[in-house]
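Structure at a glance
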Amino acid sequence: MSTLLQFEQFYLTVKRNRWYWLFSIFCRVSLAFAFIVAGMVKIVGERFASGLSVVHPMGAYLEALHHTGYYYTFIGVAQVIAAILLLIPRTVALGALLYFSIIFNIWVLSYAVRFEGSFVTSPLMVLANIFLLVWNYDRLRFILPIKQFSAIGIFEKPKKYSTKFPWKFFMGVFLTVVLTIAFAEFGYEVMPRNSLSDCQKQFKGTANEKSGFEFCECIHVNGNSLDDCLEEFERAKTKMDSATSAE
């Protein structure tokens, strides 16, 4: 039995399970809600995350994006369209494709500037989007480099859903959420946070308090780039470690 055939048989089993179906509905609604809110902010012309300082790495990016004129509005319209397409059963596959191109970019951006506002939500949204893409494999498979197709019906609905609870899948979902939160909390030694006070809290009472405070001032007071501030932090920490060793 070919790998593709095995996958498609497993896929049909999943599609016939009511719990997977309910999870797909949850993903569609939650993803759509997130983009409608974020998109409308851009359409009405408000700056996204307006409370974030313009000297913050993400704040500087959002401030510049806010001043790109109709391109800023265009992003908002694209987000709302993707959300609406997700909510309509016949267009959910198209919506998932459009949504993925946007949310993947947001995820990479969030990790690049270590923005805690979407440090947890963006990767989880990407994973939920991927689930929807796989869920709609029966529609999307025709754009994949597959030469032979099985007899999976494109719009065929199961006559009867299985109610067996997929414990392994949902335990995997729960573990993924926990690991994502754990990485956001402990994945990086240094985070710029959203304000000077929040940034300084992560260093209070630690061996790197002085160099950490300087890092926070570098970001939130001086408005330097994240890379420059991280390099300065590493130099200060190394210098302090060398002085401690010499003593």
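None of the values given here were measured: they were computed from a predicted structure.

1. Let's talk about the overall build of the protein chain
When helices and strands are tallied, the protein chain shows 11 helices and 0 strands. When its helices and strands are written in sequence order, the protein chain yields α-α-α-α-α-α-α-α-α-α-α. At 23 Å, the protein chain has a C-alpha radius of gyration far larger than the 18 Å of a compact globule built from 247 residues. By residue count, 35% of the 247 residues in the protein chain fall in the buried class. Sequence separation of at least 24 residues holds for 65% of the intrachain contacts in the protein chain that already meet a minimum separation of 6. About 14700 Å² of surface is accessible on the protein chain, with carbon and sulfur atoms providing 66% of the total. Taking the average location of the 23 positive side-chain charges in the protein chain and that of its 19 negative ones, the two points are 20 Å from each other.

2. Description of the side chain of D138
Examined against the element boundaries, D138 turns out to sit in helix α7 (residues 137-140). Buried and unpaired, D138 has no salt bridge, with K15 as the nearest side chain of opposite charge at 4.2 Å. At 3.1 Å, the side chain of D138 forms a polar contact with the side chain of Y11.

3. Considering the UniProt feature "transmembrane region" (unreviewed entry) in the protein chain
Feature annotation in UniProt assigns "transmembrane region" (unreviewed entry) to the following positions: residues 20-41, 69-88, 95-113, 119-137 and 169-188. The straight-line gap between the two end C-alpha atoms of residues 69-88 is 30 Å; of that span, 90% is helix and 0% is strand. Overall, residues 119-137 shows 84% helix and 0% strand. The separation of its end C-alpha atoms is 28 Å.

4. Considering the nonpolar core
Formed by 25 residues in total, the largest nonpolar core has its most connected members in L31, F35, L86, Y99, F131 and L132. Residue assignment for this core shows that the elements contributing at least two residues are α2 (18-43), α4 (70-87), α5 (92-112) and α6 (121-135). Broken down by element, this core gets its largest block of residues, 7 residues, from α6. Counting 11 residues, the second-largest nonpolar core is a separate cluster that includes F203, C216, L226 and C229.

5. Considering the domain arrangement of the protein chain
When the domains of the protein chain are assigned, the result is domain 1 (19-142 + 167-187) and domain 2 (196-245). Computed over C-alpha atoms, the centres of domain 1 and domain 2 are 31 Å apart. At the junction of the two partners, domain 1 supplies 6 residues and domain 2 supplies 5 residues. Both faces considered, domain 1 and domain 2 share a buried interface measuring about 500 Å² in area, 70% of it formed by carbon and sulfur atoms. Looking only at domain 1, the three residues that lose the most surface to domain 2 are V55, P57 and R114, adding up to 72% of its buried area. Across the domain 1-domain 2 interface, the total number found is 0 salt bridges. Along the lines of polarity and charge, the residues of the side of domain 1 that touches domain 2 split into 4 nonpolar, 1 polar and 1 charged.

6. Quick word on the pattern of salt bridges
For the coordinates displayed, the defined rule picks out 7 salt bridges. Across the salt bridge formed by E8 and R141, the nearest N and O atoms sit 3.9 Å from each other. Pair noted here: E8 is in helix α1 (residues 3-15) and R141 is in the loop between α7 and α8 (167-186), with a separation of 133 residues, a long-range link. Each member of the pair, E8 together with R141, is buried. Taking the shortest distance from any N to any O, the salt bridge between K237 and E189 comes out at 3.0 Å. In this pair, K237 is assigned in helix α11 (residues 226-246) and E189 in the loop between α8 and α9 (196-201), connecting sequence segments 48 residues apart. Of the residues examined, E189 reaches a relative accessible area of 46% and is grouped as partly exposed.

7. Some points on the packing of aromatic side chains
Taken as a whole and assessed by the stated rule, the structure comprises 28 aromatic pairs. Look at F23 and F131: their rings are 4.9 Å apart centre to centre, the planes differ by 80 degrees, and that puts the pair in the edge-to-face class. Here the residue F23 occupies a position in helix α2, and F131 occupies one in helix α6, the gap between them amounting to 108 residues. A single burial state applies to F23 and to F131, both of which are buried.

8. Some thoughts on the packing of α2 against α4
Running from amino to carboxyl end, α2 crosses α4 at an angle of 155 degrees, the nearest separation of the two axes being 8 Å. By the criterion of interaxial angle, the relationship of α2 to α4 is roughly antiparallel. Helix-helix and strand crossings are classified by hand; for α2 and α4 the assignment is left-handed. Seen from α2, the contacting residues are R28, V29, L31, A32, F35, I36, A38, G39, M40, V41, K42 and I43; seen from α4, they are Y72, T73, I75, G76, V77, Q79, V80, A82, A83, L86 and L87. In terms of residue class, the contact of α2 with α4 is built from 17 nonpolar, 4 polar and 2 charged.

So, how was this worked out
Residues numbered from 1 in each chain as written. Predicted model: local features only at pLDDT ≥ 70, side-chain atom pairs only at ≥ 80, totals over all residues. Heavy atoms only, no water. Helix = DSSP H or I, 4+ residues; strand = E, 2+ residues; numbered from the N terminus. Rg over C-alpha atoms; globule rule 2.2 N^0.38 Å. Buried < 20%, exposed > 50% of the residue type's maximum accessible area, 1.4 Å probe, protein only. Contact = heavy atoms within 4.5 Å. Areas by Shrake-Rupley, 256 points an atom, 1.4 Å probe, with all protein chains shown as cover. Lys, Arg positive; Asp, Glu negative; His and termini not counted. Charge placed at Lys NZ, Arg CZ, Asp CG, Glu CD. Salt bridge = Lys/Arg side-chain N within 4 Å of Asp/Glu carboxyl O. Polar contact = N/O pair within 3.5 Å; in protein donor to acceptor, adjacent residues only side chain to side chain. UniProt positions renumbered as here; feature names shortened; annotations may be inferred. Core = buried A, V, L, I, M, F, W, Y, C linked by side-chain atoms within 4.5 Å. Domains from an automatic or database assignment. Buried area = accessible area lost by both parts, 1.4 Å probe. Nonpolar A, V, L, I, M, F, W, Y, C, P; charged D, E, K, R; others polar. Phe/Tyr/Trp six-rings, centres within 6.5 Å; stacked < 30°, edge-to-face > 60°. Axes fitted to C-alpha atoms, helices over the stretch in contact; angles between N-to-C directions. Parallel < 35°, antiparallel > 145°, perpendicular 65-115°, else oblique. Left-handed = near helix turned anticlockwise from the far one by under 90°.

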